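# A closer look at the structure
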Amino acid sequence: MDPLVVGALVAISTVMVLFSGVSVGTGLLIVATGFLLVFDGARSLVALPELFYGELNSFALLSIPMFIIMGSAISSTRAGPDLYEALERWLTRVPGGLVVSNLGACALFAAMSGSSPATCAAIGKMGIPEMRKRGYPDEVAAGSIAAGGTLGILIPPSVTMIVYGIATETSIGRLFLAGVIPGLLLVSLFIAWAIFDTWRRGAAGVALSGVTYSWTQKFEILPRVLPFLAIIIGVLYALYGGIATPSETAAVGALLCIIVAMIIYRMYQPKALWAVLRDSTRESVMILFIIGAAGVFSFMLSSLFVTQSVAGWIAELDVNRWVLMGIINIFLLVAGFFLPPVAVILMSAPILLPIITSAGFDPIWFAVVLTINMEIGLITPPVGLNLYVINGIAPDISLKKILVGSLPFVGCMVLAIVILSVFPSLATWLPDYLMGPAL
Amino acid sequence: MDQSTYPPPLVVRLIGQISTVCGVIASFMILASVLITCQMIFIRAVLGKSTIWQTEAVIYLMIGATLLGLPYVQKLKGHVGVDLVPSLLGRNGRRILAILTLIATGCMIALMFYYAYDMWHFAWARGWKSETVWAVPLWIPYLSIPVGFGLFLLQLVADLWMVVISEDIAAPVAAEDRRH
């Protein structure tokens, strides 16, 4: 059978299996096993556990549980609200200071925790009531935090970027750096929209005026937030200084974050420590199982010549590369509506990467575009994790209002993709500058 | 039918407890890999000595933690999936779909268990060792594959049992509890 037809059958079967409600990891194993059995015979199944094991047999993967422990330790403390309060006290004189401090806190906490829903919950619990109290419309308060939370997968260190790096054999260090400027661009766009929308709804007078804080109030909060920031900066410095690999720096970061949480936030009780460990294990096992299964899935694709044929077929189509990128973006957007980012990356990377590189796109730049697409999926139905998190912490704001408030931020993300397409160096300049041009 | 009408049978509770023990072991394996990695950096960067076993050990610990963690994550309903179709169905439809997906998952995991046992047995019978200075007998890390998938299968059977007797339909993980 023509590998292209096999590819189409794989795509249809994968959608059907995943939509049945079976977990992503098992779904990938079922599809891969089914196709191997039909086209390569029962003998090919002997290799299944070896493929699964082989995919996990990598030191680089260790950075995933390590960064998850790091984020989980930080998320389990009051670091989020403290960070928010610190920024609010220091940025109070900036026009629209509250929205700036909310989104700034989202960006920083996203960097520290690496998790979008955790960021929404940590910052939103304090940020949303405070914004509403000061006269910000409900839509702006809820939408800005929902969107701010999505920055967790773009701003380094990001587990999504690590998974992309492993799936495409791209430098994780470069990927982390590539997310910095687009992350700042997104924060700026979010802030600009939040202030404009507040002004448009006639609430600017009350909402944008600041509250004054004494210097004592400004300084007393710093010791609670600076250590975590120092660890993150230290981890990134160690990574780029060539002192250690991502897995090693993440391990040290994880240990330091647990120690800081124990000292500053007095998290000594075994119950609290176990909660951090349990959540990290659950998250890590879930992701690593998908990675192992995706290894089997991509072996099936390549042994049935699907990967190679699809890439060749697209090259033969000879469509304009930007039309191609547009189609890929729509595909990713739709996939992101239903699937977690990690699953989308692992399933699509083996097929998309050869297409992207042969069309002359930079894989590092593409990682950023892909991640922003995945961010959109976090604030759009039906999965839209962040929408439900906001609904959970501010139940009196209806899901419809949260969605209406979030949609303009989706516009900001699409605008960011357009800006990045016009100026790709926004993503590639920093890694090239700090690490030398990519080979 | 209310779920409380059907408390989990002893066997299901026992399987659940085995899965929890696996989760605890997996968590400590991950914690151990954090500590060993830090020790490795200390020996290499501070003491200036070379390290032999650490890199390999942490990889085996991570693989072991992933496989032993599978039944625990299943017990916590933590394996993410697309729950759009189940959420659109009525109670009966959701129950039937849950039974079908659990059976399909069980068959797949049983297949993995079968071939994983084969792989482990080969490594054991032929005395395979890793191609490193440490030369670890490979049956040790390979053992986690059949054990992990076997216990995962056991937890799936327990979940299926509960769905059949008490309509304990696998609820999706709450948004607040998901991190990625």
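Residues numbered from 1 in each chain as written. Chains lettered and ligands numbered in written order. Predicted model: local features only at pLDDT ≥ 70, side-chain atom pairs only at ≥ 80, totals over all residues. Heavy atoms only, no water.

### Quick look at the overall build of chain B
- Summing up its helical and strand segments, chain B has 5 helices and 0 strands in all.
- For chain B, the succession of helices and strands along the chain, N to C, is α-α-α-α-α.
- Every one of the 180 residues in chain B was classed for burial, and the buried ones make up 48%.
- In chain B, the proportion of contacts linking residues at least 24 apart, taken out of those at least 6 apart, comes to 75%.
- Surface exposure of chain B reaches about 8,800 Å², of which carbon and sulfur atoms provide 69%. (Helix = DSSP H or I, 4+ residues; strand = E, 2+ residues; numbered from the N terminus. Buried < 20%, exposed > 50% of the residue type's maximum accessible area, 1.4 Å probe, protein only. Contact = heavy atoms within 4.5 Å. Areas by Shrake-Rupley, 256 points an atom, 1.4 Å probe, with all protein chains shown as cover.)

### Considering the confidence of the model for chain B
Residue and element names in this part refer to chain B.
- The share of residues in chain B with pLDDT of 70 or more is 89%, and the mean pLDDT across the chain is 88.
- Of all helices and strands in chain B, the one with the weakest mean pLDDT is helix H3 (residues 84-88) (83), whereas helix H2 (residues 54-75) scores best (96).
- Residue range residues 171-176 is modelled with pLDDT below 50. Its contacts to residues more than four positions away, or to other chains, number 12 contacts. (pLDDT = per-residue confidence, 0-100.)

### Quick notes on the environment of Leu108 of chain A
Residues and elements named next belong to chain A.
- Topologically, Leu108 is positioned in helix H6 (residues 97-113).
- A residue is classified by how much of its surface remains accessible, and Leu108, at 32% relative accessible area, is partly exposed.
- Leu108 has contacts with Leu83, Leu87 and Leu229, leaving out every residue within four places of it along the chain.

### Topic: helix H2 (residues 24-40) of chain A
- In a regular helix each residue adds 1.5 Å, so 17 residues correspond to 24 Å; H2 of chain A covers 23 Å between its end C-alpha atoms and thus fits that length.
- Taken together, the buried positions of H2 of chain A are Val24, Gly25, Thr26, Gly27, Leu28, Leu29, Val31, Ala32, Thr33, Phe35 and Leu36 of chain A.
- Those residues of H2 of chain A hidden inside the fold are in contact with helix H1 (3-19), helix H3 (48-56), helix H16 (270-303) and helix H19 (341-358) of chain A together with helix H4 (91-126) of chain B.
- Of the residues flanking the end of H2 of chain A, it is Gly41 of chain A, one or two places downstream, whose phi is positive at about 85 degrees. (Expected span 1.5 Å × (residues − 1).)

### Quick word on the interface of chain A and chain B
- Facing 69 residues of chain A, the contacting portion of chain B comprises 58 residues.
- Linking chain A with chain B are 1 salt bridge.
- Measuring nitrogen to oxygen at the nearest pair gives 3.0 Å for the salt bridge that ties Glu248 of chain A to Arg44 of chain B.
- Counting across the chain A and chain B interface gives 3 residue pairs in polar contact (both at pLDDT 80 or more).
- Going through the elements one at a time, H1, H2, H3, helix H4 (63-75), helix H7 (116-133), helix H15 (246-264), H16 and helix H21 (385-393) of chain A are the ones with two or more residues in the side of chain A that touches chain B.
- A total of 13 residues in the side of chain A that touches chain B trace back to one element, the largest contributor, which is H16 of chain A.
- Grouping the amino acids of the side of chain A that touches chain B by side-chain chemistry returns 46 nonpolar, 18 polar and 5 charged. (Salt bridge = Lys/Arg side-chain N within 4 Å of Asp/Glu carboxyl O. Polar contact = N/O pair within 3.5 Å; in protein donor to acceptor, adjacent residues only side chain to side chain. Nonpolar A, V, L, I, M, F, W, Y, C, P; charged D, E, K, R; others polar.)

### A few points about the packing of aromatic side chains
- Per the stated rule, a full pass over the model turns up 24 aromatic pairs over all chains.
- Consider the rings of Tyr53 of chain A and Tyr142 of chain B, whose centres lie 4.9 Å apart with planes at 85 degrees: the pair is edge-to-face. Placement of the pair is Tyr53 of chain A in helix H3 and Tyr142 of chain B in helix H5 (residues 139-166), with the two residues belonging to separate chains.
- Three or more aromatic residues joined by ring pairs make a cluster, and in this case those are Phe52 and Phe289 of chain A together with Phe149 and Phe152 of chain B.
- Positioned over the ring face of Trp215 of chain A is Lys218 of chain A, at 4.4 Å from the centre of the ring.
- Sitting over the face of the ring of Phe361 of chain A, Arg321 of chain A holds its NZ or CZ atom 4.3 Å from the ring centroid. (Phe/Tyr/Trp six-rings, centres within 6.5 Å; stacked < 30°, edge-to-face > 60°. Lys NZ or Arg CZ within 6 Å of the ring centre and 35° of its normal.)

### A closer look at the pattern of salt bridges
Residue and element names in this part refer to chain A.
- Under the criterion given, the structure shown has 18 salt bridges over all chains.
- Among the salt bridges present, the one from Arg134 reaches Glu88, with a minimum N-O distance of 2.3 Å. Placement of Arg134 in the loop between H7 and helix H8 (138-149) and of Glu88 in helix H5 (residues 79-90) is noted, with a sequence separation of 46 residues between them.
- Shared partners join several salt bridges into a network, and the residues in it are Arg78, Asp82, Glu85, Arg89, Glu220 and Arg224.

### Observations regarding the packing of H4 of chain A against H16 of chain A
Residue and element names in this part refer to chain A.
- In contact at an axis separation of 9 Å, H4 and H16 are set at 145 degrees when each is read in the N-to-C sense. Where H4 crosses over H16, the two elements pack in a sense that is right-handed. Contacts between H4 and H16 involve Ile64, Pro65, Ile68, Ile69, Ser72 and Ala73 on the former and, on the latter, Val276, Asp279, Ser280, Glu283, Ser284, Ile287, Leu288 and Ile291.
- By residue class, the composition of the contact of H4 with H16 is 9 nonpolar, 3 polar and 2 charged. (Axes fitted to C-alpha atoms, helices over the stretch in contact; angles between N-to-C directions. Left-handed = near helix turned anticlockwise from the far one by under 90°.)

### Some thoughts on a nonpolar patch on the surface
Residues and elements named next belong to chain A.
- There is a patch of nonpolar side chains on the surface, built from Met1, Val5, Leu9, Leu37, Val38 and Phe39 and spanning about 560 Å² of accessible area.
- Elements with a minimum of two residues in the nonpolar patch: H1 and H2.
- Ranked by residue count, the leading element in the nonpolar patch is H2, at 3 residues.
- With respect to the element layout, Met1 can be found in the segment before H1. (Patch = residues over 30% accessible without salt bridge, like charges linked within 9 Å, V, L, I, M, F, W, Y side chains within 5 Å.)

### Quick word on the nonpolar core
- Formed by 199 residues in total, the largest nonpolar core has its most connected members in Phe228, Met300 and Phe366 of chain A together with Phe149 of chain B.
- In terms of residues, this core owes the most to one element, H16 of chain A, which gives 14 residues.
- When residues no more than four places from it in sequence are discounted, the contact partners of Met300 of chain A are Val10, Val31, Ala32, Phe35 and Leu36 of chain A. (Core = buried A, V, L, I, M, F, W, Y, C linked by side-chain atoms within 4.5 Å.)

### Some points on the environment of Leu28 of chain A
Residue and element names in this part refer to chain A.
- Mapped onto the fold, Leu28 is located in helix H2.
- A residue is classified by how much of its surface remains accessible, and Leu28, at 0% relative accessible area, is buried.
- Expressed as a C-alpha distance, the spacing of Leu28 and Val369, which sit 341 residues apart in the sequence, is 24 Å.
- For Leu28, the residues in contact, after removing those within four places along its chain, are Thr14, Ile290, Ala293, Ala294, Phe297 and Met347.

### Focus: the side chain of Ser101 of chain A
All names here are of chain A.
- Counting through the fold element by element, Ser101 comes out in helix H6.
- Given the relative accessible area of 0%, Ser101 is considered buried.
- A polar contact of 3.0 Å, which involves the side chain of Ser101, links it to the backbone oxygen of Leu98.
- In this structure, Ser101 is in contact with Tyr84, Leu87, Glu88 and Leu91, ignoring residues within four places of it in sequence.

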